[in-house]
Amino acid sequence: MAKLDVNTPQPIQLKDYTPPAFLIDKVDLTFDLDEDHSRVSSRLVLHRNPDHPDARAPLTLDGKELTLESVKLDGEILDGSRYQTDAESLTIAAMPDNAILEIVTVIHPETNTSLNGLYRSGGNFYTQCEAEGFRKITYYLDRPDVMARFTTTIVADKNKWPVLLSNGNRVGEGTLDRNRHWVKWVDPFKKPAYLFALVGGKLSRLADRYTTSSGREVALEIWVEPADLDKCDHAMASLKKSMLWDEQRFGLEYDLDTYMIVAVGDFNMGAMENKGLNIFNTKYVLARSDTATDVDFDGIEAVIAHEYFHNWTGNRVTCRDWFQLSLKEGLTVFRDQEFSADMGSAPVQRIEAVRTLRTHQFAEDAGPMAHPIRPESYIEINNFYTVTVYEKGAEVVRMYQTLLGRDGFRRGMDLYFKRHDGQAVTCDDFRAAMADANDYDLNQFARWYSQAGTPTLSVRGQYDAAAASYTLTVSQTCPATPGQGEKLPMHIPLALGLLGPDGADLPLQLAGEQEALAGTRVLSVQEASQSFTFINVPVAPVPSLLRNFSAPVKLDFPYSRAQLALQMAHDSDAFCRWEAGQTMMLQDLQTLIEAARAGGELGLKDDFVSAMRQVLADDALDPALVALMLTLPAETYLADQQSEIDPDAIRAAREAMKLGLARALRSEFKAVYSRLQDQGAYRFDAQSVARRSLKNVALSYLAELDEPAMLELAEQQFARADNMTDSQAALTGLVNWAEGDAALAGFAAKWAEEALVMDKWFTLQAISRRLGTVAKVKALMQHPAFALTNPNKVRALVGAFLHSNLAGFHAADGSGYEFAADTILAVDKLNPQMAARLAGCFNRWKKLEPGRRAGMRSALERVAAHAGLSRDVYEIVSKNLQ
Ligand code: ARG
Ligand code: ZN
């Protein structure tokens, strides 16, 4: 167990927020980049902040891992008695109210494996400053409420680093002696340091143009390694669509003359919205139909949009402090989801977002790391770039729109920008803009920002035939989470319809209302328990609840199997239709899990099979929706439904259901596969994507059948595929059988030079039921394409195994836990952020059956006891052991 001592990292609290003692008006940076060190000269124009409580407060700048060369105050060199430094700061006690401070530091990007601050990748220079990376570049007030105008001059060798980029507009360039050159950039917008960016290297550019609705000409540039220039077209098209969409939907235009995107292979996250110079993980830029799947194409479109949308929701209006992270992230995820819905199929996008939320965020909310979308404390802020802050945050933003309507939401957005453009604000400011623009009381709604945990809505229906009325009684509860025992009722939008016996929507009229309205309506649930009575209901209805997933809650309604089947076949709301199928599927999986634990028979129920048969036969349904309805929940999601997790029983149950459906619906799957097989040349559009997804779901079932003819289908698809979607789907079916070895070898030989394709090859094996073992993963870590320093590789192989291969990771002998502990400690020395992500694999430990629970606990304790643990990993393991 970790002991509490002076070195124990201490949490930072939201309630301790104080404004900065100084503000910075202007920053001039000069970077002298070189192979074995780089020099950063900074000139800050500062003034005392009148809003700070102490008018004589010292100036304390943040700084980490810096070698200080000199400090000058108003032109005078300070000797060591005039300032103090420690491992994380530089303090000047005697400060005038207005000052010019010049600081020179030396840093080592060439040995910076944390990928935080300035670092090297493939010989080039890149930065990542959010959240607190800028302090690894120079001493600064590294907090988002300090916003300054930045000028950046970069000096470097002309041949080694010909391209030199930073934020804003390029205003000058020239050559120097020793074959060096310089480029100067000026960013006209005030910004916090976390939005600073610098790139230097040998890069090629795809260039395009965009004219905004008011006539501003914008140069668009995507910078990548020369070999990747043929994989940028989709990213560029996505960028232009995003720019147009934000003008049309929110009236928001781009504000600089140049918009640059740079792709880098070593990157901790997806991408970063630095002003005018976004830096992206290559995974979210590079795509060619033969190297990237439909899922990759979708992901690129969404992340390009996300980072572009941040220019307004994040950059023009930013966060006061990092507790407000969801202010920009929840809102920007909501915006990118709305964009994706408009670009493709809205119901499909919505169902996929719900699946992500339930699989990952509900799990987080039920575990040791549970936190509200606005956390109250953190040890390491990088641990709070979570599915809760992002995805649940987006659900909270969506609820404003559900309650206020699209137009009301737009009025709130307009007021938000009118009030706060150029400011660093809080989630309360956003909520106030929504409330004031609509004259709507959102006080109770504030609890979504402060209460963690997933609420459960229990709904019961009572039909009164004599009165022709139907009463819904809705009660809400929210489980205790770490540090929060008691919860108060939330303000929950409950969208619903009522279905008649034929599955069609009945008119809806609440008691007291003059007329009935057809379709969906939104009830505002605010009490711990409350009732809603519908009148003029001619027959006992089937309620269609939580339409379009109108709130991030768990729904409890005692549906009968026949009611679920009716919804699956007829509900006008695609989400509810899918949900009814999931509910039935989960019920039956639960029965199978219990049977597997008891050593019983694992057969399927007839009504389930025939409901699925009907889904497959429904020609009117979007093929993508059919594919989703036939997709089984993840093993980890099933684990989260158990009071005690037995990984082997979960795997056995899930596989029994898959094989059972494959056997029962063999001819239907074959027919679907044949009908969709031949699609001509690859195209990326909603319809083609939908057809490929259903075809490949059918193949995934057929490949479960132990029949040579079925494996031949997969082999043929693998051999003939002209696109990665089909190729990967075929390979996924094959790897579960010995026949897959040849295909895997061929795949690796063909794609050895394509890092992102090799990531798929690692993941396929890590999550395969045949190959995904500790021994295999360890062996693959020795493969020449693997690197412990590269986050994409670590995520693709180790992350996939620990997080997505339930039965593999939880091998009964405990080898998965020992492997996890060893790897977390090894990665922690290189890259703490990455190590902390891996450490999340322990978050479910208290729910495992006793044998595994003991194994996980001792692995956690071993990590916790390790000397020199990073703050990042310390926070995860200590919260697990609390
Ligand atoms: N703001 C970025 C995005 O959402 C994510 C940056 C996260 N970086 C980090 N080091 N935690 O697009
Ligand atoms: Zn973001």
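Residues numbered from 1 in each chain as written. Chains lettered and ligands numbered in written order. Predicted model: local features only at pLDDT ≥ 70, side-chain atom pairs only at ≥ 80, totals over all residues. Heavy atoms only, no water.

In this section: the overall build of the protein. Each helix and strand in the protein was counted, giving 26 helices and 31 strands. Considered along the principal axes of its C-alpha atoms, the protein spans approximately 90 × 70 × 60 Å. Pairs at least 24 residues apart make up 71% of the contacts formed inside the protein by residues separated by at least 6 positions. One way to put it: in the protein the 92 positive side-chain charges average out to a point 1 Å from where the 117 negative ones average out. (Helix = DSSP H or I, 4+ residues; strand = E, 2+ residues; numbered from the N terminus. Contact = heavy atoms within 4.5 Å. Lys, Arg positive; Asp, Glu negative; His and termini not counted. Charge placed at Lys NZ, Arg CZ, Asp CG, Glu CD.)

A few words now on the UniProt feature "domain: Peptidase M1 membrane alanine aminopeptidase" (unreviewed entry) in the protein. When the UniProt feature table is mapped onto this chain numbering, "domain: Peptidase M1 membrane alanine aminopeptidase" (unreviewed entry) sits at residues 235-447. Along residues 235-447 the backbone is 55% helical and 9% strand, and the end-to-end C-alpha distance reaches 38 Å. (UniProt positions renumbered as here; feature names shortened; annotations may be inferred.)

Applying the stated criterion to the full structure yields 39 aromatic pairs. Measuring from ring centre to ring centre gives 5.9 Å for F575 and W578, while their planes differ by 45 degrees; the resulting arrangement is tilted. Of this pair, F575 and W578 both sit in helix α9 (residues 574-598), three residues apart, roughly one helical turn. Grouped by ring-pair contacts, the aromatic residues W245, F250, Y254, Y259, Y308, F309, F334, F339 and F409 constitute a single cluster. (Phe/Tyr/Trp six-rings, centres within 6.5 Å; stacked < 30°, edge-to-face > 60°.)

To continue, consider the site of ligand 1. Near ligand 1 there are 15 residues, and of these E130, E273, E307, E329 and Y390 occur at the shortest range. E130 places a polar side-chain atom, nitrogen or oxygen, 2.6 Å from a nitrogen atom of ligand 1. In the environment of ligand 1, an oxygen atom lies 2.6 Å from a nitrogen or oxygen atom belonging to the side chain of E307. Contact with the protein chains covers 97% of the free accessible surface of ligand 1, which is 350 Å². Every element with two or more residues in the shell around ligand 1 is listed here: β20 (271-272), α2 (294-309) and α3 (325-343). Counting the residues that make up the shell around ligand 1, at least three belong to each of domain 2 (203-319) and domain 3 (320-450). (Near = heavy atom within 4 Å. Polar contact = N/O pair within 3.5 Å; in protein donor to acceptor, adjacent residues only side chain to side chain. Areas by Shrake-Rupley, 256 points an atom, 1.4 Å probe, with all protein chains shown as cover. Domains from an automatic or database assignment.)

As a further point, take the coordination of the zinc ion (ligand 2). When a metal carries six donors in an octahedron, the ideal angles between them are 90 or 180 degrees, while four donors in a tetrahedron ideally lie at 109.5 degrees. Looking at the metal site, the zinc ion (ligand 2) is ligated by H306 (NE2), H310 (NE2), E329 (OE) and E329 (OE), spaced 1.9 to 2.8 Å from it. Mapped onto the sequence, the residues coordinating the zinc ion (ligand 2) show the spacing H-x3-H-x18-E. Here H306 is found in helix α2, whereas its partner E329 is found in helix α3, with 23 residues between them in sequence. Each member of the pair, H306 together with E329, is buried. (Donors = N, O, S within 2.8 Å, 3.2 Å for Na, K, Ca; no water. Buried < 20%, exposed > 50% of the residue type's maximum accessible area, 1.4 Å probe, protein only.)

With that settled, the discussion passes to the pattern of salt bridges. A full pass over the atoms with the stated rule returns 76 salt bridges. Put simply, D428 and R374 hold a salt bridge, and the shortest N to O gap is 3.5 Å. One end of the pair, D428, is in helix α6 (residues 427-438); the other, R374, is in the loop between α4 (346-365) and β23 (377-378), and 54 residues separate them in sequence. Residue K879 is joined to E875 by a salt bridge in which the shortest nitrogen-to-oxygen separation is 2.8 Å. With K879 and E875 both in helix α26 (residues 871-881) and four residues apart, the pair spans about one turn of that helix. (Salt bridge = Lys/Arg side-chain N within 4 Å of Asp/Glu carboxyl O.)

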